[in-house]
Amino acid sequence: MKHIAEYRNLKLVKGLLDAIREASTKEISLMEVCGGHTMAIQKFGIPSLLPENIKLLSGPGCPVCVTDIRFIDKAIALSHQQDVIIATYGDLIRVPGSSSSLELELANGHHIQIVYSLLNALEIARQNPAKKVVFLAIGFETTAPATGATVLSAAKEEINNFFILSAHKIMPPALQAIINHGVKINGYICPGHVSTITGTDMYQPIVEKYKLGCVVSGFEPTDILWSILRLVKQFEGNTPKVENAYPRAVKPGGNLKAKWIMERVFLLEDTWWRGFGIIKESGLTLKPEFAHFDADLRFDIEVEETKEAKGCICGEILKGLKTPKECPLFRMVCHPTNPIGACMVSNEGACHAYYRFGG
Amino acid sequence: MSSELISKLFLKHFNNPHLAELTDSAQLDIRNSKLAYTTDSYVVDPIFFPGGNIGKLAICGTINDLCVSGARPLYLSVGFILEEGFPIKDLEEIVRSMALEAQNAGVEIVCGDTKVVNRGKCDKIFINTSGIGVIDNKHNDLNRGKNIQPGDKIIVNGYLGDHGIAVLGAREELNFKTLIDSDCASLNSLISDILNTSNQIRFMRDITRGGLSTILCEIVDEKEFGIEINELAIPVRDEVKGVCELLGFDPLYIANEGKVLIVAGSEDADKIMSVLKRQPYGIHSEIIGEIVEDHHGKVILNTEIGGRRIIDKLTGEQLPRIC
């Protein structure tokens with residue numbers, strides 16, 4: 001089994017679409033939280049296949065998009081420090097800060113290194129003992145365990161020139177915040193990769209409090225269509241529940257080792273999400289015993305006052321209140337080579353996906 | 001040192017009467033012909049990758065630029081910028097493969113230059129090649145595509161994405177290995193064959209950086225026609241698809257170095273396909289779509305599950321997924 005063609009089988013796809021059309025009698029809005037789902041939905045052309053009464057909204061599951069401007073400004077300020085190497089995933093360098101970006105600072109000669117994995121960043125620290133390597137740690141439960149594992153490795157090896165600037169976040173508080181901010185949806189297509197780490201139990205409070213179905217989905221067309229079908233049936237039958245539609249990768253209890261690492265290394269804190277403001281206990285910060293790796297604590301830097309880009313409605317797009325096409329800047333001024341907001345920068349950003357695939 | 005390099009390396013491998021004269025300029029007798037002239041510089045990293053190296057790339061790239069313009073490539077120049085300390089054995093391997101490629105393509109390297117810069121002032125080796133070819137007037141518009149019209153078929157000569165993935169796999173930081181070789185190849189024989197077969201070829205472009213999608217978008221830009229492409233018809237190896245799925249890349253945007261996109265009148269499409277499939281670099285050719293009257297200025301992809309979406313140009317570099 002190659003795990004690609006099987007999940008794109010035309011006969012299966014058609015069967016699922018027929019079942020969705022038969023089951024769905026009412027207007028329904030479903031939110032896909034994960035940026036990877038937004039990309040997959042647009043890439044396969046799923047909106048062009050669904051009946052018109054089914055609306056898919058893109059949510060805040062893009063780690064680059066929800067990272068606040070102040071984080072970028074801090075990273076820029078750190079890059080100006082003597083002997084500091086900023087190590088970052090590629091997408092982050094194009095995100096506009098208040099007055100600059102990491103890409104511009106790189107062009108100005110500051111030492112900013114794109115890495116493909118945290119292990120690269122740690123290796124840079126090993127090979128450059130006179131430098132201080134700061135890794136920009138973004139992402140949800142999918143990437144936080146890797147950061148945690150790297151911190152544990154660095155602690156074991158007593159590496160003292162490696163630091164983390166954490167913007168890690170967890171999903172459940174955001175799922176609640178979306179509803180509390182007034183977004184009207186009838187169910188969640190829940191993030192597949194996050195759920196491989198966390199398991200599925202964490203969605204139960206959403207079902208109980210908001211009576212919304214939560215179906216964990218994979219990323220192939222038949223995965224997504226199957227999840228949509230399950231949510232439609234739950235909605236039509238008023239039987240919201242947690243369902244795992246990605247059992248080949250997601251276990252109810254999740255990945256115990258990864259969860260252990262997260263609990264070992266991180267504490268929850270209130271943190272700022274672009275589009276939402278502060279969401280309580282939604283961010284991950286290093287525990288006091290690992291404080292010597294925390295760039296927030298170890299560097300004394302001046303960060304400029306945060307300035308939001310005029311006209312950018314990334315915040316409303318991240319909440320699903322508006323689509324990229326409703327943004328006056330979309331395509332006209334804001335496009336991947338000149339992104340005004342983070343949603344246009346990242347591969348997983350809604351605006352980027354709509355731009356590339358025509359939304 | 002440079003006279004040693006010239007005699008023991010360059011002349012040894014690039015040997016031909018023009019170069020052997022070692023004059024400041026090569027004097028070339030090209031009478032009563034319209035010339036095509038192109039140049040390109042090569043800075044690929046790593047310089048050796050499965051299926052080729054920076055030198056082979058430099059020869060094939062410039063030959064292909066001439067061919068897709070409808071020219072018969074004749075002569076190349078080669079300029080090297082070498083970082084101090086660059087190993088001679090690596091240079092010899094690169095030069096040897098350039099000579100072999102040029103010889104197989106029937107093209108002479110008639111002039112060249114070498115500069116050595118201090119360590120750190122260039123990344124190992126950079127190469128510039130320029131090329132001259134003769135062009136028949138009837139092929140004037142091949143690169144411009146002025147005669148493209150609805151109904152024309154869009155053809156590619158084989159698997160897409162091999163080169164980009166081969167180079168990516170050869171880079172240390174991504175930590176994956178594949179069995180994919182670069183498709184780096186000179187296409188002059190293939191292109192010459194199809195130009196001799198049909199006078200219905202409206203447009204050709206080699207599919208390099210930015211991949212298939214970027215060229216398709218350039219074809220329709222501000223035009224009164226659109227393009228429809230069928231995803232299932234686009235040839236991509238399973239291994240390339242697998243790497244792309246893992247890293248979050250789209251094969252339609254990945255660089256190639258031995259692929260040409262052809263737009264041809266529908267009446268001759270099958271004839272062109274038979275000729276292509278008899279060529280070593282055309283065995284896996286496919287008709288992947290067509291020019292349409294609808295959605296002016298847009299490229300629409302009929303996805304493998306029957307959906308539809310827009311294809312846009314590559315903006316910036318494709319980067320691996322974060323989560």
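> If you had to explain the overall build of chain A to someone new, which residues and values would you point to?
Regarding its fold elements, chain A presents 16 helices and eleven strands. Relative to the 2.2 N^0.38 estimate, which gives 21 Å for 359 residues, the radius of gyration of chain A is 21 Å and therefore close to what a compact globule would have. Projected onto the principal axes, the alpha-carbon positions of chain A cover approximately 65 × 45 × 40 Å. Within chain A, the proportion of its 359 residues that are buried is 56%.

> Report on the interface of chain A and chain B, specifying residues and quantitative values.
A common way to state how big an interface is: give the accessible area lost once the parts meet. Taken together, the contacts link 32 residues of chain A with 21 residues of chain B. Counting residues per element, the ones that place at least two in the side of chain A that touches chain B are α1 (10-23), α2 (35-43) and α16 (350-357) of chain A. At three residues, the largest contribution of residues to the side of chain A that touches chain B is made by α16(A). For the side of chain A that touches chain B, the residue count by class is 14 nonpolar, 13 polar and five charged.

> Just give me the short version of the pairing of strand β10 (residues 266-273) of chain A, but keep the residues and values in it.
Residue and element names in this part refer to chain A. For β10 and strand β11 (residues 277-286), the ladder comprises seven bridges, and the chain directions are antiparallel. Across the sheet, residue Leu267 finds its bridge partner in β11, namely Thr285. The antiparallel hairpin formed by β10 and β11 contains three residues in its connecting segment, where Gly275 sits at a positive phi of about 95°.

> Explain unusual backbone geometry residue by residue, including any values.
Cis geometry is adopted by the peptide bond preceding Pro46(B), which originates at Asp45(B) and carries an omega value of 5°. Mapped onto the fold, Pro46(B) is located in the loop between β1 (34-42) and β2 (48-49). Positioned with a positive phi, Glu281(A) is a non-glycine residue whose angle comes to about 45°. Checked against the element boundaries, Glu281(A) lands in strand β11.

> Please provide a residue-by-residue account of the domain arrangement of chain B, values included.
All names here are of chain B. Domain boundaries in chain B define domain 1 (2-139) and domain 2 (153-311). Just the C-alpha atoms count here: the centres of domain 1 and domain 2 sit 26 Å apart. The interface is formed by 22 residues belonging to domain 1 together with 21 residues belonging to domain 2. Where the side of domain 1 that touches domain 2 is concerned, the elements lending two or more residues are α3 (54-67), β4 (71-83) and α4 (88-105). The greatest single-element share of the side of domain 1 that touches domain 2, amounting to eight residues, is contributed by α3. Residues of the side of domain 1 that touches domain 2, tallied by class, amount to eleven nonpolar, seven polar and four charged.

> Now, about the sheet that holds strand β7 (residues 153-156) of chain B: what can you tell me, with residues and values included?
Residues and elements named next belong to chain B. Taken together, seven strands build an open sheet; the order of strands is β8-β10-β7-β11-β9-β12-β13 and the sheet is mixed. In this open sheet, the two edge strands, each paired with only one partner strand, are β8 (201-206) and β13 (308-311). Going from strand to strand, the sheet's axes swing by 25° on average, the running direction of each strand aside.

> How would you explain the confidence of the model for chain B if you had to name every residue and give the values?
Per-residue confidence for chain B gives a mean pLDDT of 92; residues scoring 70 or more make up 97%. Prediction confidence for the complex, expressed as pTM and ipTM, is 0.87 and 0.81 respectively.

> Hey, could you go over the packing of helix α6 (residues 118-127) of chain A against helix α7 (residues 144-157) of chain A for me, with residue numbers and the actual values?
All names here are of chain A. Where α6 contacts α7, the axes come no closer than 10 Å and their chain directions differ by 25°. One finds that α6 runs roughly parallel with respect to α7. Seen along the crossing, α6 lies across α7 with a hand that is right-handed. Residues Leu118, Leu119 and Leu122 of α6 pack against Ala146, Thr147, Thr150, Ser153 and Ala154 of α7.

> An account of the sheet that holds strand β5 (residues 108-117) of chain B is needed here, citing residue identities and associated values.
Residues and elements named next belong to chain B. One open sheet holds the four strands; their spatial order is β1-β6-β4-β5, and the pairing between them is mixed. Looking along the sheet, the strands with just one partner apiece sit at the ends: β1 and β5. Strand-to-strand twist of the sheet, defined as the mean angle between neighbouring strand axes without regard to direction, takes the value 15°. Note: β1 against strand β6 (residues 125-135), nine bridges, orientation antiparallel.

> Give a description of α4(B) that names residues and reports values.
All names here are of chain B. Between its terminal C-alpha atoms α4 stretches 25 Å, which fits the 26 Å expected from 18 residues at 1.5 Å a residue. Along α4, the positions that sit buried rather than exposed are Ile94, Val95, Ser97, Met98, Glu101, Ala102 and Ala105. Down the axis of α4, the buried set is contained in an arc of 160°. They therefore lie on one face. Packed against the buried residues of α4 are α1 (2-13), β3 (52-53), α3, β4, β5 and α6 (188-197). Looking at the residues trailing α4, positive phi occurs at Gly106, about 70°.

> An account of the nonpolar core is needed here, citing residue identities and associated values.
Core analysis: the largest hydrophobic core is formed by 123 residues, its most contacted members being Ile86(A) and Val134(A). Top contributing element to this core by residue count: helix α11 (residues 221-236) of chain A, with eight residues. Ignoring sequence-local partners within four residues, the contact set of Ile86(A) consists of Ala75(A), Leu78(A), Ser79(A), Leu102(A), His111(A), Ile112(A), Gln113(A), Val134(A) and Leu136(A). Core analysis: the next-biggest nonpolar cluster, separate from the first, contains 90 residues, Leu19(B), Ala36(B), Leu66(B) and Leu212(B) among them.

> Hey, could you go over the packing of α3(B) against α4(B) for me, with residue numbers and the actual values?
Residues and elements named next belong to chain B. One way to put it is that α3 packs onto α4 with a least axis distance of 7 Å and a crossing angle of 30°. With respect to each other, α3 and α4 are oriented roughly parallel. Between α3 and α4 lies a crossing of right-handed hand. For the pair α3 and α4, the contacting residues are Ile54, Gly55, Lys56, Ala58, Ile59, Cys60 and Ile63 in the first and Ile94, Val95, Ser97, Met98, Glu101, Ala102 and Ala105 in the second.

Procedures and definitions
- Residues numbered from 1 in each chain as written.
- Chains lettered and ligands numbered in written order.
- Predicted model: local features only at pLDDT ≥ 70, side-chain atom pairs only at ≥ 80, totals over all residues.
- Helix = DSSP H or I, 4+ residues; strand = E, 2+ residues; numbered from the N terminus.
- Rg over C-alpha atoms; globule rule 2.2 N^0.38 Å.
- Buried ≥ 20, exposed ≤ 12 C-beta atoms within 10 Å, placed from the backbone.
- Contact = placed C-beta atoms within 7 Å.
- Nonpolar A, V, L, I, M, F, W, Y, C, P; charged D, E, K, R; others polar.
- Pairing = 2+ DSSP bridges.
- Domains from an automatic or database assignment.
- Axes fitted to C-alpha atoms, helices over the stretch in contact; angles between N-to-C directions.
- pLDDT = per-residue confidence, 0-100.
- Parallel < 35°, antiparallel > 145°, perpendicular 65-115°, else oblique.
- Left-handed = near helix turned anticlockwise from the far one by under 90°.
- Expected span 1.5 Å × (residues − 1).
- Arc of directions from axis to C-beta.
- Core = buried A, V, L, I, M, F, W, Y, C linked by C-beta atoms within 7 Å.

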